[in-house]
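# Inside the fold
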Amino acid sequence: MEEPSSKRPRHEDVSFVYDENHQAAAVTVYKENDLNNNIITTINNPTTTIRTSSLASPTMKLSGHKGSIYTLAYDPLGEVLCSGSFDSTCLLWNASGTCDNFNVLSGHKNAILDCKFTNNGEKVITASADYNLGVYDVHTGDRLKRFMGHKGIVNAVAVSKEGSPCLAVSASDDR
């Protein structure tokens with residue numbers, strides 16, 4: 001007797017339905033066989049309007065880092081994306097259109113573990129495994145300040161949502 005496969009084949013059909021206002025909604029119908037060969041049908045019918053985006057494609061591949069990416073952050077307006085990596089850099093990307101890389105933030109000597117935009121979106125604060133925090137200008141890419149007070153890996157940084165744009169707190173492996 002043949003062992004049943006742990007992976008069941010799944011077939012999906014996507015169609016569109018229209019409501020009374022002639023608004024289209026995507027309906028996805030999944031059909032698959034269970035272990036007893038019964039057909040299971042799942043219907044996913046979102047009741048919200050179809051999502052629209054300013055991206056050139058629904059899925060974008062952003063290439064540029066030479067190591068694993070550990071952190072991502074959007075600016076407060078959602079227009080810029082910052083990615084921090086094992087390669088000790090942060091890359092700044094336009095968050096719409098073709099998502100072009102427009103700046104590289106460098107200066108750390110070890111992996112970037114966290115990054116946050118200040119509440120006005122003018123600066124990025126980075127936390128690194130080199131025991132330091134960095135403050136960078138978003139427009140020029142220049143490092144404006146390096147904070148060297150930690151005695152261990154800096155794992156996280158958080159910024160104030162209101163008030164002073166440069167009020168930040170960090171978390172480290174300090175004892």
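See the structure shown above.
Rules behind the numbers
Residues numbered from 1 in each chain as written. Predicted model: local features only at pLDDT ≥ 70, side-chain atom pairs only at ≥ 80, totals over all residues. Heavy atoms only, no water. Helix = DSSP H or I, 4+ residues; strand = E, 2+ residues; numbered from the N terminus. Contact = heavy atoms within 4.5 Å. Areas by Shrake-Rupley, 256 points an atom, 1.4 Å probe, with all protein chains shown as cover. Polar contact = N/O pair within 3.5 Å; in protein donor to acceptor, adjacent residues only side chain to side chain. Salt bridge = Lys/Arg side-chain N within 4 Å of Asp/Glu carboxyl O. Pairing = 2+ DSSP bridges. Axes fitted to C-alpha atoms, helices over the stretch in contact; angles between N-to-C directions. Buried < 20%, exposed > 50% of the residue type's maximum accessible area, 1.4 Å probe, protein only. Phe/Tyr/Trp six-rings, centres within 6.5 Å; stacked < 30°, edge-to-face > 60°. Lys NZ or Arg CZ within 6 Å of the ring centre and 35° of its normal. Core = buried A, V, L, I, M, F, W, Y, C linked by side-chain atoms within 4.5 Å.

Looking now at the overall build of the protein chain. Within the protein chain, the secondary structure is distributed over 0 helices and 13 strands. Going from N to C terminus, the protein chain has its helices and strands arranged as β-β-β-β-β-β-β-β-β-β-β-β-β. Expressed as a percentage of contacts within the protein chain between residues at least 6 apart in sequence, the contacts between residues at least 24 apart total 33%. Total accessible area on the protein chain stands at roughly 11700 Å², and carbon and sulfur atoms take up 51% of it.

Further remarks concern the environment of Asp173. Structurally, Asp173 can be placed in the segment after strand S13 (168-172). Residues Asp173 and Val154, spaced 19 residues apart in sequence, show a C-alpha to C-alpha distance of 6.5 Å. When near neighbours in sequence (up to four residues on either side) are disregarded, Asp173 contacts Gly152, Ile153 and Asn155. At 2.7 Å, the side chain of Asp173 and the side chain of Asn155 are in polar contact.

Turning to the pattern of salt bridges, a few remarks are in order. For the structure shown, the criterion picks out 1 salt bridge. Between Asp114 and Lys116 there is a salt bridge, with the nearest N and O atoms lying 3.0 Å from each other.

All right, on to the sheet that holds strand S10 (residues 133-137) then. Spatially, S8-S9-S10-S11 is the arrangement adopted by the 4 strands of the open sheet, whose pairing is antiparallel. Edge strands, defined here as strands with exactly one partner in the open sheet, are strand S8 (112-117) and strand S11 (143-147). Strand after strand, the sheet turns through a mean of 20° between neighbouring axes, direction not considered.

Another aspect to go through is the sheet that holds strand S5 (residues 80-85). Spatially, S4-S5-S6-S7 is the arrangement adopted by the 4 strands of the open sheet, whose pairing is antiparallel. Unpaired on one side and paired on the other, strand S4 (69-74) and strand S7 (101-105) mark the two borders of the sheet. Neighbour-to-neighbour, the strand axes of the sheet open up by a mean angle of 20°, direction not taken into account.

Now for the environment of Asn110. Tracing the backbone shows Asn110 in the loop between S7 and S8. Using a relative accessible area of 32% as the deciding quantity, one classes Asn110 as partly exposed. C-alpha of Asn110 to C-alpha of Ser88: the two residues are 22 residues apart in sequence and 5.1 Å apart in space. Not counting chain neighbours up to four residues away, the residues in contact with Asn110 comprise Ser88, Ser128, Ala129 and Asp130.

Below, the discussion takes up the packing of aromatic side chains. The final tally for this structure, using the stated rule, is 1 aromatic pair. Both rings, one in Tyr70 and one in Phe86, keep their centres 6.3 Å apart while their planes meet at 85°; by these two values the pair is edge-to-face. Pair noted here: Tyr70 is in strand S4 and Phe86 is in the loop between S5 and strand S6 (90-94), with a separation of 16 residues, a long-range link. Its end group placed over the ring of Phe147, Lys145 keeps NZ or CZ at 5.5 Å from the ring centre.

The biggest cluster of nonpolar side chains holds 12 residues, and these are Ala73, Val80, Cys82, Cys90, Leu92, Leu105, Ile112, Cys115, Phe117, Val124, Tyr136 and Val138. Among the elements that line this core, the one with the most residues is S8, at 3 residues. Core analysis: the next-biggest nonpolar cluster, separate from the first, contains 6 residues, Ile125, Ala127, Val154 and Val157 among them.

What follows covers the pairing of S7. Looking at chain direction, S6 and S7 are connected through 4 bridges and run antiparallel. Counted as the bridge partner of Leu91 is Val104 from S7. The antiparallel pairing of S6 with S7 creates a hairpin that spans 6 residues between the two strands, and Gly97 there sits at a positive phi of about 65°.

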